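Coordinate analysis (summary)
Residues per chain, in single letters:
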Amino acid sequence: MATLSFEGHARGGLEEVAVEIEDLVIAGWTARDVAALNHHIEELKAIGVQPPSSVPLYYRVSADLLTQADKIQVVGADTSGEVEPVLVGAADRLWVTLGSDHTDRKAESFGVAIAKQICAKAVGRTAWRFEEVEAHWDRLTLRSYIEEGGRRVLYQEGPLGMIRAPRDLIAGWQGSARLPVGAAMFCGTFPAIGPIRPTGRFDMELEDPVLGRRLAHSYHVQSLPLVA
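Residues numbered from 1 in each chain as written. Predicted model: local features only at pLDDT ≥ 70, side-chain atom pairs only at ≥ 80, totals over all residues. Heavy atoms only, no water.

1. Observations regarding helix α1 (residues 34–45)
- Along its 12 residues, α1 runs 16 Å from first to last C-alpha, staying within 8% of the 16 Å computed at 1.5 Å per residue.
- By the burial criterion, the buried members of α1 are Ala36, Leu37, His40, Ile41, Glu43 and Leu44. Taken around the axis of α1, the buried residues stretch over an arc of 165°, which confines them to a single face. α1 presents Val34 and Ala35 as exposed residues on the side facing more than 90 degrees away from its buried surface.
- Buried residues in α1 make contact with α2 (105–108). (Helix = DSSP H or I, 4+ residues; strand = E, 2+ residues; numbered from the N terminus. Expected span 1.5 Å × (residues − 1). Buried < 20%, exposed > 50% of the residue type's maximum accessible area, 1.4 Å probe, protein only. Arc of directions from axis to C-beta. Contact = heavy atoms within 4.5 Å.)

Below you can see the structure in the form of structure tokens.
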């Protein structure tokens with residue numbers, strides 16, 4: 001179990017939100033566009049990841065992996081982040097934030113579910129009320145940046161209209177369009193710009209062009225040696 005604490009941004013003001021997360025699920029292979037989905041499958045095949053048996057797939061991972069810290073530790077140099085919208089079920093409403101499904105790519109080549117269980121999952125500290133963005137969800141834009149050669153480089157970018165609608169993803173997992181209280185769901189990601197690769201710093205943002213606001217979070221990655 002993990003506690004996520006957010007500064008909830010609503011059009012009526014700010015509120016402090018704390019949610020005890022008991023269930024963490026990562027929805028994978030969620031692209032609406034078949035060509036984009038096949039592209040993501042092919043880029044993962046290039047690093048040894050086997051294609052999914054069906055789409056989307058839902059991976060259950062330990063809620064203890066969730067972190068809002070600005071630093072995570074990983075083992076080895078074969079991990080990388082990927083930005084995703086994250087839905088959080090609270091007692092009174094559904095919240096939207098962003099997170100990174102940081103994954104061990106070497107382990108992913110022999111077991112995606114195992115690889116997703118290895119690394120911490122970074123989540124932002126600010127969130128929006130889902131009901132304020134649901135009508136224009138497809139227009140929200142997700143981006144990530146990595147640090148490369150001392151420069152900040154765009155790594156992923158796309159509108160949320162490229163991935164399946166959130167209520168469809170929830171229904172695919174639960175059979176109901178309502179996310180249970182105490183559950184968090186990562187909703188999918190976009191292909192990398194260039195090859196999938198590690199970085200010492202991962203920046204991510206979710207932009208709302210309709211209401212003129214943005215969520216952002218960054219974290220550093222410390223790679224530990226395989227042996228002491």
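2. Some details on the packing of aromatic side chains
- A complete count under the given rule lists 3 aromatic pairs for this structure.
- The interplanar angle of 80° and the centroid separation of 6.4 Å between the aromatic rings of tyrosine 155 and phenylalanine 202 together place this pair among those described as edge-to-face. Of this pair, tyrosine 155 sits in strand β14 (residues 151–159) while phenylalanine 202 sits in strand β16 (residues 201–208); the two residues are 47 residues apart in sequence, bridging distant segments of the chain. Grouping residues by exposure puts tyrosine 155 and phenylalanine 202 together as buried.
- Both rings, one in phenylalanine 202 and one in tyrosine 219, keep their centres 5.6 Å apart while their planes meet at 45°; by these two values the pair is tilted. Of the two residues, phenylalanine 202 sits in strand β16 while tyrosine 219 sits in strand β17 (residues 213–224), which places them 17 residues apart along the sequence. (Phe/Tyr/Trp six-rings, centres within 6.5 Å; stacked < 30°, edge-to-face > 60°.)

3. Some remarks on the environment of valine 181
- Mapping valine 181 onto the fold places it in the loop between α5 (166–174) and β15 (183–186).
- Measuring from C-alpha to C-alpha, the distance between valine 181 and valine 34 comes to 32 Å, with 147 residues separating the pair along the chain.
- Setting aside residues no more than four positions away along its own chain, valine 181 makes contact with Gly89, Ala90 and Ala91.

4. A look at a nonpolar patch on the surface
- Taken together, the side chains of Val75, Leu226 and Val227 present a nonpolar region at the surface, about 340 Å² in accessible area.
- Along the chain, valine 227 turns up in the segment after β17. (Patch = residues over 30% accessible without salt bridge, like charges linked within 9 Å, V, L, I, M, F, W, Y side chains within 5 Å. Areas by Shrake-Rupley, 256 points an atom, 1.4 Å probe, with all protein chains shown as cover. Salt bridge = Lys/Arg side-chain N within 4 Å of Asp/Glu carboxyl O.)

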